[in-house]
Amino acid sequence: MANYTLKVRRYQPESGEGPYWEEFDVDLDPSLSVLDGLLQAKDRDDGSLSVRCSCRAAICGSCGVKVNGSSTLACKTQIGEAHEAANRRSKDASTPPPRGADEEYKPAEGEERGARTREPGREIARDDERGQAGAEDAPIVIEPMGNMPVIKDLVTDMESTHWTKIRRVTPWLLPHGEAPEREYVVEPESMIDITQSMACIQCGACVSSCLSMEADPDFIGPAALAKAYRFVGDPRDAETKERLHDLAHDPHGIYDCTHCFSCIDACPKGVAPMDQIMRLRRKAGEHGIDDDPNNGHNHVTAMTKIIEKKGTNDESLLIQESYAPGVKGKLKPTKGAVKGLTESLPTVLRAIKTGKARSLSKLIPGIHPKLPGGAQDEVKAIYEHTEAHREEFNLYIKGEEGDEAEVAVAEGLEPPQSREEAVQ
Amino acid sequence: MPAHDVLVIGAGLAGQRAALAAAEQGVSVGIVSKVHPVRSHSNAAQGGINAALNPGDSWESHAFDTIKGSDYLGDQDAVEIMCREAPEEILHLEHLGVTFHRNEEGKLGTRAFGGASAARTYYVADITGQAIMHVLYEQLMKHSDSVARYEEWFCTALALDEAGECCGVVTRNIADGSMELFEAKSVILACGGNGQVWKPTTNALICTGDGIAMAYRAGAKLMDMEMIQYHPTTLAGKGFLITEGARGEGAHLLNAKGERFMERYAPNKMELASRDVVSRAEQTEINEGRGFPDGTVALDITVVPRKRVHEALREIVLVGRDFAGVDITREPIHIKPGNHYTMGGVKTDVDGRTDIPGLYAAGETACVSVHGGNRLGANSLLDTLIFGRRSGVDASARAKRIDRTRPSKAVLEAEQAQIDAISSREKGSGRRVSEIKLELGTTMDAKVAVFREEAGIQEALETVRRLKGEAESAYIDDKGSVFNQDILAAIELGYMLDNAECTCVAALERKESRGAQYRTDFPERNDEEWLKHIDLQLSDDGPEISFSEVTITQWEPQERTY
């Protein structure tokens, strides 16, 4: 048994007042969940504290919330771990924000320069010392999910957001012709492949964490697109190409994802929605759908090729190839290419203005530095290995994170060199 | 007043299947659920669904296993229907898009399950219930024109007309607290079981026996209420389920001395004997001091190849990691028997009809009875689908046949008054609803569990009756209208207490040991006196007992060994 403080963002719509914070003291075994904590507060202190919940075992998908700022299921988050995370978070908040990568490092007052390169063991000791300075008992912060309107306390309106988006992707199988007398005979791997998407419990944690949706509320989003892959990857579905065309041509579709990995982190079931979006993109390309209005396909292809060839992003090439694929080296560019390049100008200017493309000189083709030594060969090797082992990235085949190292060792793949070595 | 020809209460597998079947008949259908349909507890069915679909298998073999598993309390006509129609149902689901596991030829593949004489369990990894339910929900979205969904609406009572026929349901829209009287020609109860009456349980918090209690209050007969399944592999304390699929894949049960103790209880089927048999074996090991200090035995999945575990038992890997801190691919996990399934329920015929005209029941809410004294693993999904579909079809036929009668507003007013009364109780006027629920759960788990005896059941019954009195004055905190879960919990407590009372009365009455009912004071099965169902009907003094025959078609009761 241990004592915890839950700091809950509450909202009682009938009170006429805005949201407020309320703290509840609970007392339970650290191995129990944040949901168990909330239910104890509800049972003992205030029955009006509202949270959807049912199975308590991460299968019904009801209790999506934010714990310490991260979207997750309350039932799947151990309260002891949430408490530690809250302490770490409160410490982070009291230390200066991380510096920009380019900024030269200057030790803060009283901080030794060596502190930055301390060994892991030392780091823990250091954190403990800091912990004593005050953050020991930071409350566990619990809020409703993001990107959705709040109905009451931790209950959000999933219908107007999540479910509307799910319905957007025609979420049912569209086979052609009469069903066979027996089952459809399909590759066994194809069923395992889409089972990762089927593992989705529609909890909305990915939607809550989605940064693209924050910027573009119309983005179809990680959950609905993972659902879409469940049909696109299903050999029984006869409208694969139509689905892909639809999702690629929607300006809020598959190319609206910015590849930020938030949904993968948030998903409690290992569905890895972003991976499913990437698979949709790849399949769209395989089906020759390369004329989407976002230039998404060309952009992805260009980026992939550039990294394969040069190891780092050559921004000048990326813009050329995204807007006018194949233009490089052509003395007489096609009309379409000229149009594309012209259309790219506002993007180029915006990129320079915002610092995404750092200087004009960066935009002159052909001066992009190559990786030193044999590093480029290693990048190529990663490409080849990935291509050859695509299907093994499915969780139903490779298992959880802990097994990755073993899989690599078993297949004779060398562990990657550290960055310092590679640069030397 | 919303009106439909067929109104389905509950949107798990039985409810969704019933609604889709009714829609196919061309009637107007509504489906009401207190949670969003995909939150329903059918999600939790991990292991699979049985059907004799392989060329070497037969429905008779499936039926015999089911009947033997039921300890001969299952009605054999109903079991025959279920097992005969199973293959077609599996193929139907496959055609709708369920991602069933395939064998190397790309055809449907099976796994072994408890109490079965052939590997006839079809599955999607260990998320079979979830995979099927999400596919049915896809179909509900597809057929939005013909099936109206009322998501997050709570039912408080059935409405009967003057002739005693069911003609509607009183509901509360959880979003805003408004009360609504739904009109229907046929009402199908598909509200799941009553696992929350016990603590711990593998069941979700929503499994509060709503359908069983509403039917009982309306005067319908309940049957086999003493038959409560304890699942052999649940996590101690938390009650989470570890699928029987783990044993189907070859996992062993070990006591603290490392012995594979099932050798002594079921030398032929070992870990894959019927659930009642395995649960009793485990509890005996624990009671006789051969368990671990935390009151458990161990499930050893490390004997199953790791690659296979990841492919077929991934959910269990997650449950072990997230809820027990154990990597099941590397070390055994501690488990014990835990409350899992309601074999009994609202007495129905093979078309889901109850004693009340117009009222149907399907799935765990119903007792057809195909499970009798003990349900076989992977037969519950099948039960929900077969009898869900049959209820939907018959309810539609009735709706086409009869004229609509309008339910009286009086029932709506009475329900509103009841809710107002609960809301108006002052804090401190009685006990908290949560306290009463906790006492109920721990009492039932202590006295009406794997092993039972007269004094214990009697004590439980007295406790339940005291708690019923206390519930009358229990108070709640939330007085609001929007998403008031407090008021729902108070109503659910009433449902649970009715369920508990019926279980205690039936368990006390059955003076023999059969299936899940093991009486230490009557340790033998007694076919002469007790090869019959106990039926319960509400009277002024609580549940009134009567008996009904068990239907036997071709399998005479035999001694039951595994």
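Just above sits the structure.
A short tour of the structure in this document, coming up. Computed from a predicted model, the values in this text were never measured in an experiment.

Cut-offs applied
Residues numbered from 1 in each chain as written. Chains lettered and ligands numbered in written order. Predicted model: local features only at pLDDT ≥ 70, side-chain atom pairs only at ≥ 80, totals over all residues. Heavy atoms only, no water. Pairing = 2+ DSSP bridges. Helix = DSSP H or I, 4+ residues; strand = E, 2+ residues; numbered from the N terminus. Buried < 20%, exposed > 50% of the residue type's maximum accessible area, 1.4 Å probe, protein only. Contact = heavy atoms within 4.5 Å. Buried area = accessible area lost by both parts, 1.4 Å probe. Salt bridge = Lys/Arg side-chain N within 4 Å of Asp/Glu carboxyl O. Polar contact = N/O pair within 3.5 Å; in protein donor to acceptor, adjacent residues only side chain to side chain. Expected span 1.5 Å × (residues − 1). Arc of directions from axis to C-beta. Axes fitted to C-alpha atoms, helices over the stretch in contact; angles between N-to-C directions.

**Describing the sheet that holds strand 3 (residues 49-50) of chain B**
Residue and element names in this part refer to chain B. If you trace the 3 strands from one edge of the open sheet to the other, you get 3-5-4, paired in antiparallel fashion. Looking along the sheet, the strands with just one partner apiece sit at the ends: strand 3 and strand 4 (110-111). Of the strand pairs in this sheet, strand 3 and strand 5 (residues 121-122) are connected by 2 bridges, and their pairing is antiparallel. From the neighbouring strand, Ile49 faces strand 5, where its bridge partner is Tyr122.

**Structural notes on the environment of B:Glu524**
Residue and element names in this part refer to chain B. When you line up the elements, Glu524 lands in the loop between helix 15 (485-509) and helix 16 (527-530). Its relative accessible area of 60% is what places Glu524 among the exposed residues. Excluding anything up to four places from it in sequence, Glu524 contacts Glu512 and Ser513.

**Considering the interface of chain A and chain B**
In this complex, chain A contributes 75 residues to the contact, which on the side of chain B involves 68 residues. Interface of chain A and chain B: buried area, both sides summed, is about 5700 Å²; carbon and sulfur atoms make up 51% of it. In this assembly, chain A and chain B are joined by 7 salt bridges. In this structure, the salt-bridge partner of A:Lys227 is B:Glu138, at a minimum N-O distance of 2.8 Å. The interface formed by chain A and chain B holds 43 residue pairs in polar contact (both at pLDDT 80 or more) in total.

**Section: helix 1 (residues 13-24) of chain B**
All names here are of chain B. Along its 12 residues, helix 1 runs 16 Å from first to last C-alpha, staying within 8% of the 16 Å computed at 1.5 Å per residue. Within helix 1, 11 of the 12 residues are buried, which leaves the element mostly enclosed by the surrounding structure. Here helix 1 has its buried residues at Leu13, Ala14, Gly15, Gln16, Arg17, Ala18, Ala19, Leu20, Ala21, Ala22 and Ala23. Looking one or two residues past helix 1, Gly26 carries a phi angle of roughly 85°, positive in sign.

**With respect to helix 12 (residues 409-424) of chain B**
All names here are of chain B. For helix 12, built from 16 residues, the straight-helix expectation of 22 Å at 1.5 Å per residue is met to within 8% by its first-to-last C-alpha distance of 22 Å. For helix 12, the full list of buried residues reads Leu412, Glu415, Ile419, Ile422 and Ser423. One side of helix 12 carries all its buried residues, which in axial view fall inside an arc of 100°. The inward-facing, buried residues of helix 12 contact strand 7 (153-160), strand 8 (166-173), strand 9 (179-189) and helix 15. You can read the cap of helix 12 off the contacts: a side-chain oxygen lies 2.9 Å from the backbone nitrogen of Ala410, and it is on Ser408.

**Here we look at the side chain of B:Ser396**
The residue B:Ser396 is located in helix 11 (residues 380-401) in this model. Residues within four places of B:Ser396 in sequence aside, it is in contact with B:Val6, B:Ala22, B:Gln25 and B:Val27.

**With respect to the sheet that holds strand 10 (residues 222-223) of chain B**
All names here are of chain B. Spatially, the 5 strands line up as an open sheet ordered 17-15-10-18-19, and their pairing is mixed. What marks the edges here is a single partner per strand, and that holds for strand 17 (366-367) and strand 19 (542-549). Bridge analysis of strand 10 against strand 18 (residues 532-539) gives 2 bridges, and the strand direction is antiparallel. When the bridges of strand 18 are listed, Leu222 appears paired with Leu536. Against the sheet, helix 15 makes contact with strand 10, strand 18 and strand 19, and its axis sits at roughly 50° relative to strand 19, the strand it touches most.

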